[in-house]
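# Working through the structure, step by step
Single-letter residue listing:
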Amino acid sequence: MTENRSDRIARGRPGNGPGPAPASHDLRRIGAAPDFWYPVALSRNVRKEGVAAAVFAGERIALYRARSGAVHALEDRCAHRQVPLSMGVVDGETLRCCYHAWAYRGDGRISQIPYLAKGDVRPPRGVRAYPVREAYGLVFVFPGDPEKAALTPLPDIPAHASPRYRTMTFSRTVRCHYSFLHENLLDMNHQFLHRGVVGRLQPKLLGYESGPASVEARYLFTHTGGKRNRSAGLLAAEGLGGRPSSDVMTIRTEYPYQTLDLVPEKADHPALRLWAVYVPEDAQQRVCHAYGLLMIEKPRISAALTVAWPFIRHFTERVFAEDRMAVEAEQRAWDEQGEDRNHEVFSLILDVRDVLRANGVPL
C-alpha cells in the first residue's frame, strides 16, 4: 500500500501541513479506550491472600487474591474514610480495610462493619468492582462498561501455550503517551538507534495494510555489517554458528494491542513472536506501563536456550532501554511545546495515528 505526500495532504490528514495539527486532532490528547481487557499486574505479584495496588488512567485499583485463589479488583478506596484498600488485608474471600476493618466482597459490596450496632444505618453501597481475569501470567481488568466485559474477548496469544516456544515476560513503566510506543514498534526505520547492539540493519518496507482498527506492516531486514550482539542472532534463529540471514518481520497494531512476528530466511514459521500493550497509568496518560510477552522458539538442543536465556534477556532489555530513551524524549518535547509539532512523512505511521485517534477517547 503506497500513498504519496500530496495525496495525504489532499485527504486532510494532520501532521504534514505547514504547521502543527490543531489541538483537537493531537493524538497525544487521545486516551486509551476503556472497553478492552488491559493487564495491570503480573499474576505472580498478586500472591495468595495478598493485596497489590494497580492503576488504569488515573483510576486506582486494589487487586486481592482470596483464600480460594480467585483474584478480585476493587476501586482502591474504602467507602468509609477513603483509605486505599490496597493497604488492607485479605480475610478469607473478603478484603478488609486496614483502618476500621470494613470488609468488602469481590463484587465491591460491604460484607461487614465490625462495630456497627444492630439497627444502625448501613451505607447504601460499597465500592466499584472491576471485571477481572487471569491469563498468560497476567491479571487483566476491564475498566470500561462492565456489561461489555463478557462480550469482549481477551487477546488471543496461542504461541504462549505452544510447546514450540518459551516465553519471556516484560513489565516496565515508560514515561510517555502510549501512542509513541505504537509508533516506535511499527516504524522500523529507527534501527540507527540500535546500531551499537544490532550492527547495521537495512529495513525495507514490503507493504502494509490499514483497517478501521488495525495496521499491519511487513519489513525485510538485512544485516549489512557492523558488530551484532550474539543474542540478536539467536533470536533470529541463526543458531550457534551465527549464520547471517535476511528476516521478514510482520508488525501489527490491532487496537489496543501490538504483535510482532519474525520469520527467518527459508523458515515457514516465526522464530520469535511478541505481544505487547501499553497501559496508561496517570489521568493525563503521559505515563504508561508496557507489558510484553516475547515467545522465543526452542532450538533442537533445548539446553542451549536455557544457557542463552540471561543473555537474551540482557539484549532485549538493552534494546528496550534505547527505545524508552527515544520515546520519553518525544514526550518531553511535547510537554515543553504543549502540542505535537513533529512532521511525520511515513504513510504507515500516519495511518496508525488515525487508527489510535479513531478508536481512542478524548481526554
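See the structure shown above.
Below, the structure is looked at part by part.

Analysis parameters
Every chain is numbered on its own, with residues counted from 1 as its sequence reads. With the structure being a predicted model, the display of local features is reserved for residues of pLDDT at least 70 and the display and counting of side-chain atom pairs for 80 or more, all residues being used for whole-chain, interface and lining totals. The side-chain figures draw on all heavy atoms in the structure; neither hydrogens nor water molecules are used. The rule for pairing is simple: two strands pair if DSSP sees at least two bridges between them. Helix and strand assignments come from DSSP, with helices taken as H or I runs of at least 4 residues and strands as E runs of at least 2, each series counted from the N terminus. Between N-to-C directions, angles cover 0 to 180 degrees, with each direction set by a line fitted to C-alpha atoms, over the stretch in contact for helices. Each helix should span, by expectation, one fewer than its residue count multiplied by 1.5 Å. Partly exposed residues are those whose accessible area sits between 20% and 50% of the maximum for their type, while under 20% is buried and over 50% is exposed, using a 1.4 Å probe and protein chains only. As used in this record, nonpolar core signifies buried Ala, Val, Leu, Ile, Met, Phe, Trp, Tyr and Cys residues forming a set joined through side-chain atoms within 4.5 Å. By the convention used here, residues are in contact when the closest approach between their heavy atoms is within 4.5 Å.

Here we come to the sheet that holds strand S12 (residues 138–141). Strand order across the open sheet formed by 3 strands is S2-S12-S11, with antiparallel pairing between neighbours. Of all the strands in the sheet, the pair left with one neighbour each is strand S2 (38–42) and strand S11 (132–135). Mean inter-strand twist for the sheet, computed between neighbouring axes without regard to direction, equals 35°. As defined by bridge partners, S2 adjoins S12 across 4 bridges and the pair is classed as antiparallel. Residue pairing in the sheet places Tyr-38 in a bridge with Val-141 of S12.

Moving on: helix H7 (residues 347–359). The end-to-end C-alpha distance of H7 is 19 Å, a good match for the 18 Å that 13 residues give at a rise of 1.5 Å each. Counting buried residues along H7, 10 of its 13 residues qualify, which places the element largely inside the surrounding structure. Among all positions in H7, only Ser-347, Leu-348, Ile-349, Leu-350, Asp-351, Val-352, Arg-353, Val-355, Leu-356 and Arg-357 are buried.

On to unusual backbone geometry, then. Cis rather than trans, the peptide bond between Tyr-255 and Pro-256 has omega equal to 0°. Although it is not a glycine, Glu-49 adopts a positive phi angle of roughly 55°. The residue Glu-49 is located in the loop between S2 and strand S3 (51–56) in this model. Residue Glu-49 is classed as partly exposed on the basis of its relative accessible area, which comes to 37%. With phi around 55°, Gln-285 is a residue other than glycine that occupies positive phi space. Residue placement: Gln-285 occurs in the loop between strand S18 (272–280) and strand S19 (288–297).

Taking burial as the measure, the 9 residues of helix H3 (residues 178–186) include 9 buried ones, the bulk of the element. Among all positions of H3, only Tyr-178, Ser-179, Phe-180, Leu-181, His-182, Glu-183, Asn-184, Leu-185 and Leu-186 are buried.

Moving on to the nonpolar core. In this structure, Leu-63, Trp-275 and Leu-348 are the most contacted members of the largest nonpolar core, which totals 83 residues. Beyond its immediate stretch of four places on either side in the chain, Leu-348 contacts Leu-186, Tyr-208, Val-215, Ala-217 and Tyr-219.

Attention shifts here to the sheet that holds strand S6 (residues 89–91). Read from one edge of the open sheet, 4 strands run S6-S7-S8-S9, paired in antiparallel fashion. Edge positions in the sheet fall to S6 and strand S9 (110–112), since each of these pairs with one other strand and no more.

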